[in-house]
Amino acid sequence: MNFIQNLTSHSITEKITSVPFLATLSCLSFGYYWLRRYAQGSVVSKDLINQSDLSGKIIIVTGVAPNGIGYETARKLYELNGTVVLAVRNTKSGEDTKKLIEKDTKIKTNGKIEVMYLDLNDLKVVKEFVSKFIETFSTCHILINNAGVCCAPHSTTEQGIEKHFGVNCLGHFLLTMLLLPKLKEHSDSRILNLSSFTINNISKNDLNITKESVTGMCSDVSKFNLYLRSKFAIAALSKRFDRSLQEEKLDSATSQENRPKCVFLCPGMVTTNIHRDMNVLYLILLSPIRLFCKVPYYGSQTSIYCALVTSLKGGHYYSECRDADDKVNPLVKEKEVQDNLWNICMKLCEDYL
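Residues numbered from 1 in each chain as written. Predicted model: local features only at pLDDT ≥ 70, side-chain atom pairs only at ≥ 80, totals over all residues. Heavy atoms only, no water.

Caption draft 1: A look at the packing of aromatic side chains. Throughout the structure, instances matching the rule amount to 9 aromatic pairs. Taken together, a centroid distance of 5.0 Å and an interplanar angle of 85 degrees make the contact between Tyr 297 and Tyr 298 edge-to-face. The exposure class assigned to Tyr 298 is buried, which follows from its relative accessible area of 19%. Taken together through their ring pairs, the aromatic side chains of Phe 129, Phe 133 and Phe 137 make up a single cluster. (Phe/Tyr/Trp six-rings, centres within 6.5 Å; stacked < 30°, edge-to-face > 60°. Buried < 20%, exposed > 50% of the residue type's maximum accessible area, 1.4 Å probe, protein only.)

The structure is reproduced here in structure tokens:
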């Protein structure tokens with residue numbers, strides 16, 4: 001007993017309180033702090049925030065669950081006096097989210113929050129959402145297509161479309177198409193589509209996308225590759241949407257800089273509930289990496305930046321609050337790829353347009 005007491009009181013204590021040990025511990029802690037902070041990425045400048053006022057702007061954000069990118073995006077735009085429509089699958093949860101945003105907003109705001117039912121899993125519901133939205137608000141200034149699924153079980157939407165393509169891409173495609181007339185009413189309106197840097201892993205061999213290949217559960221394709229395909233489609237379609245806006249003559253006074261724009265962006269690697277469907281073993285293996293992933297606040301920064309910056313370049317890819325179109329997969333820029341995806345989505349949505 002005396003031996004143990006002496007060991008505890010002298011040997012271990014001496015090692016723990018030794019200068020080299022404390023210095024090493026301090027260096028490791030300091031290094032981890034700055035490495036994790038660096039991994040959080042860029043933030044919107046205070047100047048841009050301070051000069052932004054979204055009074056009178058009607059904004060739709062899909063996918064706004066707490067502890068998510070959409071939640072943080074909606075909260076900041078509400079804080080900047082915008083009227084933010086939370087497009088949600090569960091209106092009761094949406095009302096709870098609304099209360100939480102109002103509670104989390106510490107400064108005085110003239111913004112408003114509305115909750116509306118939207119299920120991207122069903123194109124019929126998407127069309128109903130747009131009808132009710134136009135009845136209520138009559139116009140739209142900013143559409144943020146943020147919602148999505150990742151590595152969800154193999155399944156289909158109500159229309160029989162593979163889940164990832166149907167929810168991430170097709171549901172937002174129809175939503176955008178139906179809202180385009182209202183977005184075109186404003187020369188500074190914008191459509192923000194959330195994609196992913198992982199689309200750079202897609203090669204020409206992966207691009208055999210047809211109407212048939214996105215129909216059904218696609219059980220022969222890995223869930224992650226289905227996610228990648230949907231995010232690639234979002235990127236290519238964003239460029240195709242902006243091509244249409246660019247080519248359309250809104251009026252003689254409208255320049256290419258002063259027109260509605262569509263862009264796509266990557267929030268970075270963010271720890272959100274989108275990973276809830278991933279295999280448990282896979283999540284465990286990713287745990288070390290997740291330590292350095294962004295938290296939702298930092299993951300929302302590029303979305304907020306694109307919603308506010310006046311010099312937004314239509315059709316471009318944004319990452320870390322800057323134009324990164326030179327870093328995106330070149331396949332996204334091929335008009336043939338864009339037009340193919342456009343025609344597929346138009347065909348799949350024809351009964352709802």
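Okay, back to it.
Caption draft 2: Examining the nonpolar core more closely. In terms of nonpolar packing, the biggest core is built from 62 residues, with Ile 60, Phe 129, Phe 133, Phe 165, Phe 232 and Leu 341 touching the most fellow members. Residues contacting Leu 341, with those up to four places away along its chain left out, are Phe 165, Ile 209, Phe 232, Ala 233, Ala 236 and Leu 237. One finds Tyr 78, Val 84, Ala 307 and Tyr 318 within the second-largest nonpolar core, a separate group that totals 35 residues. (Core = buried A, V, L, I, M, F, W, Y, C linked by side-chain atoms within 4.5 Å. Contact = heavy atoms within 4.5 Å.)

Caption draft 3: Seen up close, the side chain of Asp 325. Looking at the secondary structure, you find Asp 325 in the loop between strand S8 (322–323) and helix H12 (335–349). Sequence-distant contacts of Asp 325, defined by excluding residues within four places in its chain, comprise Lys 239, Phe 264, Gly 315, His 316, Tyr 317 and Lys 333. (Helix = DSSP H or I, 4+ residues; strand = E, 2+ residues; numbered from the N terminus.)

Caption draft 4: Molecular detail of unusual backbone geometry. One non-glycine residue, Cys 218, lies in the positive phi region at around 55 degrees. Its location among the elements puts Cys 218 in the loop between strand S5 (190–194) and helix H8 (223–247). Classification of Cys 218 as buried rests on a relative accessible area of 12%. Phi angles above zero are rare outside glycine, and Glu 320 is one such case at about 55 degrees. Its location among the elements puts Glu 320 in the loop between strand S7 (317–319) and S8.

Note that all results are geometric; they support no functional claim without further evidence.
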